[in-house]
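Remarks on the overall topology
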There are 2 protein chains.
Amino acid sequence: MANKPGIPKGTRDFKPEEMARRNYIFDTIREACKLFGYRQIETPSIENLSTLMGKYGEEGDKLLFKVLNSGDFMKKVNETDLADRNLPRLTNQMCEKGLRYDLTVPFARFVVMHRNELQLPFKRFQIQPVWRADRPQKGRYREFYQCDADVVGSPSLTNEIELLTLLDFVFRKLRIRTVIKLNNRKILSGIAEYIGAPDQLTDITVAIDKIDKIGLENVENELREKGLGEDAVVKLRPILTLSGSNQEKISVLSEILKDSPEGNTGLEEMKTVLGGYEAVTASQNSESHAEVEIDFSLARGLNYYTGTIIEVKALDTEMGSISGGGRYDNLTGVFGMPGITGVGLSFGADRIYDVLSALDLFPENAAETPRVMFVNFGEKEALKGLELVAALRAEGVSAMLYPDSVKIGKQLNYANAEGIPFIVMIGEQELNEEKATVKDMRSGEQTTVSFESIISKGAEIFV
Amino acid sequence: MANKPGIPKGTRDFKPEEMARRNYIFDTIREACKLFGYRQIETPSIENLSTLMGKYGEEGDKLLFKVLNSGDFMKKVNETDLADRNLPRLTNQMCEKGLRYDLTVPFARFVVMHRNELQLPFKRFQIQPVWRADRPQKGRYREFYQCDADVVGSPSLTNEIELLTLLDFVFRKLRIRTVIKLNNRKILSGIAEYIGAPDQLTDITVAIDKIDKIGLENVENELREKGLGEDAVVKLRPILTLSGSNQEKISVLSEILKDSPEGNTGLEEMKTVLGGYEAVTASQNSESHAEVEIDFSLARGLNYYTGTIIEVKALDTEMGSISGGGRYDNLTGVFGMPGITGVGLSFGADRIYDVLSALDLFPENAAETPRVMFVNFGEKEALKGLELVAALRAEGVSAMLYPDSVKIGKQLNYANAEGIPFIVMIGEQELNEEKATVKDMRSGEQTTVSFESIISKGAEIFV
């Protein structure tokens with residue numbers, strides 16, 4: 001039994017300092033969502049496999065963690081399937097439940113299950129872990145948190161404007177400078193239609209995305225290899241080489257898409273969203289806001305999104321996307337409730353953590369260490385310490401007594417290593433004089449403070 | 001695919017109102033723990049089965065949820081075990097991981113794994129879900145949160161005093177009147193030794209517990225049935241009928257246990273803990289504190305605790321224990337790190353929720369609904385609404401625009417049902433005059449407020 005213990009690969013322990021920093025991120029998102037009128041929900045970590053299977057493609061089904069039935073898990077096992085080692089069928093027979101893979105499918109299930117208790121439009125946010133049996137690698141974990149904010153049951157583009165404003169709000173709070181990339185699935189469809197290749201949306205967006213790296217000629221060769229006709233390649237050229245301001249991109253596309261009703265709808269949507277966001281941020285007299293940049297190469301979850309597509313990149317570091325989302329129609333159709341549209345965002349908490357670390361943007365007080373530690377000089381002194389500690393806490397000052405009456409050096413080392421800014425010493429003499437020695441561990445400065453002052457002015461002394 | 005979706009039995013969805021109330025509880029515990037200098041950690045939901053198995057008894061092993069290995073889970077299956085349907089061995093061969101059953105074993109594993117990065121004494125708290133394949137019933141779930149606060153590596157009784165103070169602090173914050181029951185495993189051992197039945201600790205505590213319900217005679221008969229000799233029964237009588245104040249209980253026990261070193265140690269510990277708690281609470285000039293009551297029938301986790309045993313009961317409702325804990329030596333011995341003592345508490349979040357509901361003690365603002373909803377009168381008006389909404393949020397007022405320009409009645413119904421206290425109406429006329437109509441949904445009162453006032457005095461207007 002005395003094996004050296006470990007944890008499953010792709011999972012993590014969070015020690016106090018990391019935890020405090022994670023809380024800083026989660027609390028910021030949570031507070032922002034609440035200010036924006038999103039309401040928090042939670043769903044079970046374990047869902048029925050019938051809810052999860054078939055929702056993430058064949059690959060996704062394999063990446064679901066399945067939970068073995070309790071009791072006799074062999075009861076329903078079919079002998080032929082066993083002899084054949086038919087893993088999918090055996091899984092089905094031995095497991096009824098699986099771990100949540102994302103927050104979207106459980107949310108759709110939630111909306112359908114509680115349709116009679118919920119009011120539409122329903123604005124919800126949710127911050128919970130998800131699990132994927134992915135191959136672990138740097139920055140990719142088997143257990144990680146997702147932070148999602150969505151509105152279901154409202155087709156209005158004010159939701160998109162609000163989501164962009166939420167992104168701007170959250171990342172300004174976190175002091176991460178960002179650019180918000182904006183696209184629209186309907187515009188991509190219009191483009192594909194215009195060049196006569198309606199089924200090659202993905203190829204087209206991949207091509208647009210590569211233009212900076214490999215140049216027009218190579219991109220066009222790739223497109224030809226993928227079966228795009230010469231006519232299509234020529235028609236796509238002005239879109240591939242599209243640059244300039246949002247306004248310029250929109251005017252070029254307006255001309256190109258003038259005969260595509262879907263493409264036009266997409267452009268109109270984009271103009272409304274962009275204009276709304278710009279009007280709202282311009283009206284606020286705060287520091288500079290995130291810029292929104294139209295990016296027709298943005299293909300994020302293309303099979304999923306039906307309208308607006310959003311992605312956020314941090315400006316001052318190469319970290320890839322730190323948030324993304326979009327509009328998806330028919331969220332709940334798979335659970336027998338068709339016609340419900342949704343639009344939402346997912347904040348990448350782990351990536352945000354990495355950005356804040358890389359740019360050294362965590363606030364100093366994010367460590368959540370106690371403000372004050374009382375040194376323990378023995379039973380009687382410790383008891384007085386406990387009383388003063390209780391008085392400080394009542395005033396909102398986090399405080400602790402070192403529990404053991406051990407060597408002072410050891411106690412000071414502890415305070416130092418924990419990053420506790422103040423220590424209070426009450427020895428026998430101090431106890432008699434009802435005064436304590438207070439030391440600021442950052443400056444080294446020592447002062448004598450009466451017990452009375454600690455009780456009545458603790459919040460001012462320990463700042 | 002269009003089956004009506006459900007969730008696994010024993011699991012729950014938390015809708016916004018429940019979630020907000022749960023957050024109120026978790027936030028209170030979290031803030032209290034931080035004020036007390038406990039630091040938050042998180043551990044993975046999935047642990048290696050080698051970490052979990054054998055730690056909760058044979059019954060506990062069965063109640064662990066096991067996670068099927070990903071990929072070819074039949075790879076390591078032994079043919080004989082398969083033919084025999086040897087479920088424990090097959091489980092072992094098909095599953096390497098399981099879901100966390102409590103927070104204590106993962107914490108012990110955490111301490112051992114990170115021993116070189118942690119400073120002892122280590123004060124930690126942890127608020128995370130755990131899973132048990134228990135038969136679901138009222139108040140018992142297969143997925144539920146635990147909230148634990150523990151100190152490891154410190155034998156000092158100041159930790160016990162602090163834990164009692166923490167309980168008092170948390171339940172006063174939550175406005176739940178409580179009694180804290182206190183016992184000590186060493187006293188029970190002393191009693192068992194004194195009556196000559198050192199192995200019958202559990203029988204004795206069960207007997208003490210039943211005395212009020214079934215009377216002395218029946219209790220003594222039960223003890224005889226369990227094999228207690230007449231001599232032991234007679235010797236136990238004064239302890240069974242023990243009543244009165246803590247002081248009286250202690251003096252009777254002091255006499256009885258005068259020849260038991262272990263019993264005496266237990267009594268001394270109890271006196272120190274009790275005296276410390278009383279001194280600390282007496283020194284605070286706050287409202288009345290939780291009373292601590294010595295209860296020798298308290299046997300909570302008897303096989304586990306080695307010193308102090310603590311349990312909290314709510315006074316104004318019959319809900320059983322809402323928190324409990326104690327001292328356990330050798331927390332990490334099972335992971336090859338002997339001699340580390342721990343003492344801690346677990347808050348029963350679900351029980352606390354039920355008590356707050358039963359006694360109607362949730363604060364009104366715990367619902368976390370937005371303060372203000374702007375009615376949507378059409379595109380231009382909505383855009384102005386979004387601007388004002390953004391200004392309010394910047395001032396910390398949670399606000400939303402109803403996203404769709406639908407009938408006003410529908411929008412007002414939404415605000416009503418969501419319990420949003422203020423609505424703001426900006427129609428065409430208001431837009432021209434730069435004034436909004438503000439309605440307090442609770443009083444029905446309507447006022448006209450300039451856009452300028454909403455921007456500059458929003459936090460005062462919407463209270």
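Quick summary incoming for the structure in this document.

Moving on: the overall build of chain A. Along chain A, the regular secondary structure elements total 17 helices and 16 strands. Over its C-alpha trace chain A gives a radius of gyration of 29 Å, far above what one expects of a compact globule, namely 23 Å for 463 residues. Taken along the three principal axes of its C-alpha coordinates, chain A extends 95 × 70 × 50 Å. Taking all 463 residues of chain A together, the buried fraction comes to 58%. Within chain A, contacts between residues separated by at least 24 positions form 68% of all contacts whose residues are at least 6 apart in sequence. For chain A, the accessible surface area stands at approximately 19,200 Å², while carbon and sulfur atoms represent 46% of it.

What follows is about the interface of chain A and chain B. Listed as interface residues are 113 residues of chain A and, on the opposing side, 113 residues of chain B. Where chain A abuts chain B, roughly 9,700 Å² becomes buried across the two surfaces, and 59% of that area is made up of carbon and sulfur atoms. With its nearest N and O atoms 3.1 Å apart, the salt bridge here joins E368 of chain A to K34 of chain B. Summed over the shared surface of chain A and chain B, the number is 48 residue pairs in polar contact (both at pLDDT 80 or more). Examining the composition of the side of chain A that touches chain B, we find that 9 residues originate from one element, helix 14 (residues 379-394) of chain A, more than from any other. Its residues assigned to classes, the side of chain A that touches chain B comprises 57 nonpolar, 28 polar and 28 charged.

Counted according to the given criterion, the structure contains 60 salt bridges over all chains. K15 of chain A is paired through a salt bridge with E117 of chain B; the nearest N and O atoms lie 2.4 Å apart. Within this pair, whereas K15 of chain A is found in the segment before helix 1 (16-35), its partner E117 of chain B is found in the loop between helix 6 (104-113) and strand 5 (122-131), the two belonging to separate chains. For E117 of chain B, a relative accessible area of 45% translates into the label partly exposed. One salt bridge connects D295 of chain A with K181 of chain A, and the closest N-O pair in it is separated by 3.7 Å. One end of the pair, D295 of chain A, is in the loop between strand 8 (291-294) and strand 9 (308-314); the other, K181 of chain A, is in strand 7 (residues 178-184), and 114 residues separate them in sequence. When its relative accessible area of 15% is taken as the criterion, K181 of chain A is described as buried. Through salt bridges with shared partners, a single ionic network connects E220, R224, E230 and R237 of chain A.

Residues and elements named next belong to chain A. Here helix 14 crosses helix 17 (residues 451-461) at 25°, and the two axes come no closer than 8 Å. If you check the angle between helix 14 and helix 17, you find them roughly parallel. The handedness of the crossing between helix 14 and helix 17 is right-handed. Along its contact with helix 14, which presents K384, L388, A391 and L392, the element helix 17 presents F451, I454, I455 and G458. Along the lines of polarity and charge, the residues of the contact of helix 14 with helix 17 split into 6 nonpolar, 1 polar and 1 charged.

To continue, consider the relation of the copies chain A and chain B. When chain A is fitted onto chain B, the two copies agree to an RMSD of 0.1 Å after a turn of 180° and an axial shift of 0.0 Å. These values place the two chain copies in the arrangement generated by a two-fold rotation axis. In terms of C-alpha distance to the rotation axis, chain A has V67 of chain A as its closest residue, with the C-alpha 2.2 Å off the axis. When the interface residues of chain A are mapped onto chain B, 99% of them are again interface residues, pointing to one common binding face.

Residue and element names in this part refer to chain A. For the structure on display, the rule yields 26 aromatic pairs over all chains. Consider the rings of Y304 and Y328, whose centres lie 5.2 Å apart with planes at 20°: the pair is stacked. Here the residue Y304 occupies a position in the loop between strand 8 and strand 9, and Y328 occupies one in strand 10 (residues 321-328), the gap between them amounting to 24 residues. By relative accessible area, Y328 is classed as buried at 4%.

With that out of the way, let us pick up unusual backbone geometry. Residue and element names in this part refer to chain A. Of note, the bond from L120 into P121 is cis; its omega dihedral lies within 30 degrees of zero at -5°. If you trace the backbone, P121 turns up in the loop between helix 6 (104-113) and strand 5 (122-131). The phi dihedral of R85 falls on the positive side, at around 50°, and the residue is not glycine. With respect to the element layout, R85 can be found in the loop between helix 4 (79-84) and helix 5 (87-94). Even without glycine at this site, N330 takes up a positive phi of about 60°. Inspection of the secondary structure puts N330 in the loop between strand 10 and strand 11 (342-347).

Thresholds, definitions, all that
Residues numbered from 1 in each chain as written. Chains lettered and ligands numbered in written order. Predicted model: local features only at pLDDT ≥ 70, side-chain atom pairs only at ≥ 80, totals over all residues. Heavy atoms only, no water. Helix = DSSP H or I, 4+ residues; strand = E, 2+ residues; numbered from the N terminus. Rg over C-alpha atoms; globule rule 2.2 N^0.38 Å. Buried < 20%, exposed > 50% of the residue type's maximum accessible area, 1.4 Å probe, protein only. Contact = heavy atoms within 4.5 Å. Areas by Shrake-Rupley, 256 points an atom, 1.4 Å probe, with all protein chains shown as cover. Buried area = accessible area lost by both parts, 1.4 Å probe. Salt bridge = Lys/Arg side-chain N within 4 Å of Asp/Glu carboxyl O. Polar contact = N/O pair within 3.5 Å; in protein donor to acceptor, adjacent residues only side chain to side chain. Nonpolar A, V, L, I, M, F, W, Y, C, P; charged D, E, K, R; others polar. Axes fitted to C-alpha atoms, helices over the stretch in contact; angles between N-to-C directions. Parallel < 35°, antiparallel > 145°, perpendicular 65-115°, else oblique. Left-handed = near helix turned anticlockwise from the far one by under 90°. Least-squares fit on C-alpha atoms with pLDDT ≥ 70 in both. Phe/Tyr/Trp six-rings, centres within 6.5 Å; stacked < 30°, edge-to-face > 60°.

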